[in-house]
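Remarks on the overall topology
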Amino acid sequence: MDRSKLYRRFRTLLIANRGEIACRVIRTARAMGLRTVAVYSEADRDAMHVALADEAVLLGPARARDSYLNVERLIEAAKKTGAEAVHPGYGFLSENAEFAQACYDAGLVFVGPTAAMMTAMGSKSGSKGLMEKAGVPLVPGYHGEAQDDATLSKAADKIGFPILVKASAGGGGRGMRIVRSAAELGPAIVSAKREAKAAFGDDRMLIEKYVDNPRHIEVQIVGDSHGNLLSLFERECTLQRRHQKVIEEAPSPTLNAAQRETVCAAARKAAGAVNYVGAGTIEFVSDGKDVFFIEMNTRLQVEHPVTELITGIDLVEWQLRVAFGEALPLKQDEIKLNGHAVEARVYAENPTKNFMPSVGRISTWRLPAETGGLRIDAGYREGDTVSPYYDAMLAKMIAWAPTRDVAIDRLNRGLEDSDVRGIVTNIPFLSALITHPKVRANAIDTGFIERELSALTSAAAAPGELELCAAVAAIVADERQADASSPWHTFGWQPVGRRQRNFAFRVGHGPEQKIALNYGSGPSTLVIGERELAFAIVPKDGGFDLTLDGIKSPVAAVIDGHELYLRTRNGRFDLHWVDPFGGETEEQTGADKIAAPLPGTVVAVLAEEGAKLEKGAPILTLEVMKMEQTLRAPYAGVLKSIKCRVGDIVQEGIELAVVEPSEE
Ligand code: ADP
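Residue positions are counted from 1 within each chain, in the order its sequence is given. Owing to the predicted nature of the model, reporting of local features is limited to residues with pLDDT of at least 70; listing and counting of side-chain atom pairs is limited to 80 or more, with chain, interface and lining totals taken over all residues. Just so you know, side-chain values use all the structure's heavy atoms and leave hydrogens and water out.

**A closer look at the sheet that holds strand S8 (residues 176-179)**
What the four strands build is an open sheet, ordered S6-S9-S7-S8; its pairing is antiparallel. Where the open sheet ends on each side, the last strands, each with one partner, are strand S6 (141-142) and S8. Strand pairing requires that DSSP identify at least two bridges connecting the strands. Helix and strand labels come from DSSP, where a helix needs a run of H or I of at least four residues and a strand needs a run of E of at least two; each type is numbered from the N terminus. Examined bridge by bridge, strand S7 (residues 163-167) and strand S9 (residues 205-209) share five bridges and lie antiparallel to one another. Counterpart to Val165 in the pairing with S9 is Ile207. Two residues qualify as a contact provided that any one of their heavy atoms is within 4.5 Å of a heavy atom in the partner residue. The axes are straight lines fitted to the C-alpha atoms, using for helices just the contacting stretch, and the angles between their N-to-C directions are given from 0 to 180°. Strand contacts of helix H9 (residues 182-200): S7, S8 and S9, with the helix running at about 170 degrees to S8, the strand carrying the most contacts.

**So, the sheet that holds strand S31 (residues 571-577)**
Around the barrel, eight strands lie side by side as S24-S25-S26-S27-S28-S29-S30-S31; this closed barrel has antiparallel pairing. The mean angle between the axes of side-by-side strands here comes to 35 degrees, regardless of whether they run parallel or antiparallel. One ladder, built from five bridges, connects strand S29 (residues 551-560) with strand S30 (residues 563-568); its direction is antiparallel. Bridge pairing in S30 places Val558 opposite Tyr565.

**What to know about the pattern of salt bridges**
Every case where a carboxyl oxygen of Asp or Glu lies within 4 Å of a side-chain nitrogen of Lys or Arg is listed as a salt bridge. Taken as a whole and assessed by the stated rule, the structure comprises 47 salt bridges. Across the salt bridge formed by Arg35 and Glu55, the nearest N and O atoms sit 2.4 Å from each other. Placement of the pair is Arg35 in strand S2 (residues 35-41) and Glu55 in strand S3 (residues 55-60), with a sequence separation of 20 residues. Relative accessible area decides the class of each residue, using a 1.4 Å probe on protein chains only: under 20% of the type maximum gives buried, over 50% gives exposed, and in between gives partly exposed. By relative accessible area, Arg35 is classed as partly exposed at 26%. For Glu55, a relative accessible area of 30% gives the class partly exposed. The partner of Lys552 in a salt bridge is Asp545, and the shortest N-O contact between them spans 3.7 Å. According to the relative accessible area criterion, Lys552 is exposed, its value standing at 58%. We classify Asp545 as buried; its relative accessible area is 14%. A single salt-bridge network, built from bridges that share partners, covers Glu218, Arg235, Lys245, Glu248, Glu283, Glu303 and Arg345.

**Re the packing of helix H14 (residues 427-434) against helix H16 (residues 448-456)**
Close contact between H14 and H16 brings their axes to 11 Å; oriented N to C, the two are set at 110 degrees. The angle between H14 and H16 places the two elements in the roughly perpendicular class. Helix-helix and strand crossings are classified by hand; for H14 and H16 the assignment is right-handed. Where H14 abuts H16, its residues Phe429, Ala432 and Leu433 lie against Phe448, Ile449, Leu453 and Leu456. In what follows, roughly perpendicular refers to angles from 65 to 115 degrees, roughly parallel to angles under 35, roughly antiparallel to angles over 145, and oblique to any angle outside these ranges. Left-handed is the label given to a crossing in which the near helix is rotated counterclockwise from the far helix by less than a right angle, and right-handed is the label when the rotation is clockwise.

**Notes on the domain arrangement of the protein**
Here the bounds of each domain stem from an automatic or database domain assignment. Its domain assignment divides the protein into domain 1 (3-111), domain 2 (140-209), domain 3 (220-241 + 252-456), domain 4 (465-577) and domain 5 (594-661). Relative to domain 4, the C-alpha centre of domain 2 lies at a distance of 59 Å.

**Concerning the environment of Tyr104**
Examined against the element boundaries, Tyr104 turns out to sit in helix H5 (residues 97-105). Using a relative accessible area of 13% as the deciding quantity, one classes Tyr104 as buried.

**Considering the site of the ligand**
Lining the immediate environment of the ligand, one finds 23 residues, of which Lys124, Gly173, His216, Gln240 and Glu295 sit closest. In protein, a polar contact means a hydrogen-donor-capable atom and an acceptor-capable atom, both N or O and within 3.5 Å, with residues adjacent in sequence counting only if both atoms are side-chain atoms; elsewhere, any N or O pair within 3.5 Å suffices. Within the contact set of the ligand, an oxygen atom lies 2.5 Å away from a backbone nitrogen or oxygen of Gly173. In isolation the ligand has 550 Å² of accessible area, and contact with the protein removes 96% of it. The classification used treats Ala, Val, Leu, Ile, Met, Phe, Trp, Tyr, Cys and Pro as nonpolar, Asp, Glu, Lys and Arg as charged, and all other residues, Gly among them, as polar. Residues that form the shell around the ligand fall into these classes: eight nonpolar, eight polar and seven charged. Inspection of the shell around the ligand shows a minimum of three residues originating in each of domain 2 (140-209) and domain 3 (220-241 + 252-456). Here a residue counts as near a molecule or strand whenever at least one of its heavy atoms sits within 4 Å of it. Working definition of accessibility: Shrake-Rupley area with a 1.4 Å probe, residue cover restricted to the visible protein chains.

**As for the side chain of Arg375**
Looking at where Arg375 falls in the secondary structure, it is placed in strand S20 (residues 374-378). Setting aside its immediate chain neighbours within four residues, Arg375 contacts Arg24, His304, Pro305, Glu308, Leu309, Glu370, Lys396, Met397 and Ile398.

**A word on the nonpolar core**
Membership of the largest hydrophobic core comes to 103 residues, with the highest contact counts inside it found for Phe10, Leu13, Phe284, Leu394 and Leu433. It is strand S22 (residues 393-401) that contributes the most residues to this core, seven residues altogether. Not counting the four nearest positions on each side in its chain, Phe10 is found in contact with Leu34, Glu84, Ala85, Val109, Val111, Leu320, Ala323 and Phe324. Of all hydrophobic cores here, the second largest spans 31 residues; its members include Phe503, Leu533, Phe535 and Leu566. By nonpolar core we mean a set of buried residues, namely Ala, Val, Leu, Ile, Met, Phe, Trp, Tyr and Cys, connected to one another through side-chain atoms within 4.5 Å.

**Topic: the pairing of strand S34 (residues 600-605)**
Along any regular strand, the residues point their side chains to alternate faces of the sheet. Examined bridge by bridge, S34 and strand S39 (residues 649-650) share two bridges and lie antiparallel to one another. Bridging across to S39, Thr601 finds its partner in Ile649. Judged from the four bridges that link them, S34 and strand S36 (residues 618-624) form a sheet pairing that is antiparallel. Of the residues in S36, the one forming a bridge with Val602 is Leu622.

Dropping the structure here:
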């Protein structure tokens, strides 16, 4: 292969990916003056990466196989838009040697290593063979060609249990089984092979000694096409669930300076064994003392930002410069480690329901500003839909600080200050995880999350006085904002005598908690049981400042019909507003007077004057606080008069219709 054909300058870059990584690559490419082309599936027409790119090409139906994994369509998209280069992101085709080759054959620059390098490193067995020759430390194990039962079981015996059976083509923790005794080996191999065949179309297995209480440590490396190869320190990714990383940090808090240099040197040796070009990661498993090579990833990793934050290097910029054919701009001793960075992966999933993915529309997306060491790489915005077709990662939140403790605090603060609604996210879980004392103390291993799961997903606290008051304040603020000229607004806050409005809230199936708002002449107060509290609200973005009993504190609030979400200094609360009209039916029957129960708008008149009505027959519909409420005949009779019209804004207690009871 001709090097100048492989790597050369280009002006237009196609990003063969979606979500946050596509957005992140577009950002740097744009900053470098490149034109960007996004690709998308039918499910992603309105996705953020499509909006960010200069141009966008529809690939096909939602299923990844028909869109993001369709090599032919991707090459065609590049041709049609005049793209000269392709960035594969991570996942999808990023480690697919055939795709890299197809790009080369089509005259496109592939932002990554050559197909040959990918093939050499792509199989765990093959790469282990290479590493063995290069003198990189390996976990004791078997990575030979022969795959018959006898060979595998002999290898397992020799290594000694517990062992790990792994798919050679594996990724994402699939096709992997821990085996603790000889008796478990046969069934484990059968099931791992089945999974590997389905996931990768390749069921070759390797066997490794299972490192007890393992840690995951990996080294970022970057090579150029001039023979330079650099390591950019290591990341610790020990906090995993089902072999998937959840929290990553750099540098590893487990290693001292000497161990750091050893693992980085081993990684350079590993990548040097294939004269690696591009960004890549050498992964190691560690017993806390020594590190053992497990595999190489020939692409950018999800967790690359933590490396960027401690080195000040934009890895995508370096990838692009390497793809331009440039030499790396720094020497090894010019790469300095500065401070500490921690990343959390924000997913649309429900930790209390076995991390089931959550799909739907993101109705609220409020993340803190990227200041004070905080960085957010997002792939979604408010109003976007999380579809069931792809990985459910929404964003990554990354915090940098001079020390690990402060980086953790900053990340936690960032998570705590985030409100994402409409779908369920793992944000509270991430917060609980990074503030766990054992995480703080780095007393963890890859099994930590699984062991601590119940503590990390424990139920939310019950709402207290502050939350009940905040709930009422949220409703009042929402009503005032919804319509500044609403009768509630003018009426509720005018000195027209003292009035009381009652509220009840419930969490899940818990008991109803009651609170009343006293308003009218004089300052409004809130009453809970015997206590009467003065309060004031000052609305702000996403909520309000609530002063209660002389203490001002911020409240984030989202109101969706009867559901209230609140975030106070005590945490997050989901409250159900028990129907203020009595019963949960949103209907009212039996009241004798047909009057507005609260200020509202007449949205429908459902019966004509003079009509004969059965008891309970609908007369008109009011919209009160965004909820529809139908007023009905309190008894059988004749509708004598209707005193309002559609569109009327009516005050509380005003009679809206008169029904004359039939004489019986
Ligand atoms: P995949 O490619 O599916 O992600 P890896 O080989 O990278 O698989 O391993 C994933 C995770 O499994 C590692 O991060 C580590 O936590 C654990 N692991 C891998 N090999 C071993 C081993 N020999 N002993 C203990 N844990 C291991």
